[in-house]
Amino acid sequence: MPKHVAPQRHEMPLGATRDIPLDFSGHLATGETLASVDDVTATVDGVAANDVTISNEQVNAAALTVGQKVIPIGKAAVWRVTGGTATTRYKFIVTVTTSTGQELIGHCFFNII
């Protein structure tokens, strides 16, 4: 059974393109990393969102700084988002596999402003 991780929040202006990270570092054992990003889907109120494009799903190959936190290499899923509708809150659901074979599911909320 996959393990679910806590949500994170992001936003971008309408018409922008943004690379979105989802930090899994607090849910990995010492030495464990993400091996793959298996799926990223977008929903609005539980319904599939067809007005955003998701591309370039990958494990972070370089350390990322999000706010005041540095996410080490191999500890975050990253994907690119384009499109969307103003004042809409999207939920991105992300499935990853770790270096030890665990399947983790995380999600983040994403607002178009």
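Everything discussed here concerns the structure shown above.
In what follows, the accompanying structure is described. (Residues numbered from 1 in each chain as written. Predicted model: local features only at pLDDT ≥ 70, side-chain atom pairs only at ≥ 80, totals over all residues. Heavy atoms only, no water.)

**Brief notes about the sheet that holds strand 6 (residues 52-59)**
Read across the open sheet, the three strands follow the order 3-9-6; overall the sheet is antiparallel. Each edge of the open sheet carries a strand with a single partner, namely strand 3 (17-23) and strand 6. With strand direction ignored, the average angle separating the axes of adjacent strands in the sheet is 25°. Here strand 3 runs beside strand 9 (residues 76-83); their pairing, made up of seven bridges, is antiparallel. Among the inter-strand pairings, D23 is bridged to a residue of strand 9, identified as A76. (Pairing = 2+ DSSP bridges. Helix = DSSP H or I, 4+ residues; strand = E, 2+ residues; numbered from the N terminus. Axes fitted to C-alpha atoms, helices over the stretch in contact; angles between N-to-C directions.)

**Side note on the packing of aromatic side chains**
All told, the structure shown has two aromatic pairs when counted by the stated rule. An angle of 50° between the planes, with centres 5.8 Å apart, marks the rings of W79 and F92 as tilted. Placement of the pair is W79 in strand 9 and F92 in strand 10 (residues 89-98), with a sequence separation of 13 residues. Neither residue differs from the other here; W79 and F92 are each classed as buried. Classification of F92 by relative accessible area gives buried; the value is 0%. One aromatic cluster is present, formed by W79, F92 and F110 through successive ring pairs. Here the guanidinium or amino end of R89 rests over the ring plane of F109, the centre of that ring lying 3.8 Å away. (Phe/Tyr/Trp six-rings, centres within 6.5 Å; stacked < 30°, edge-to-face > 60°. Buried < 20%, exposed > 50% of the residue type's maximum accessible area, 1.4 Å probe, protein only. Lys NZ or Arg CZ within 6 Å of the ring centre and 35° of its normal.)

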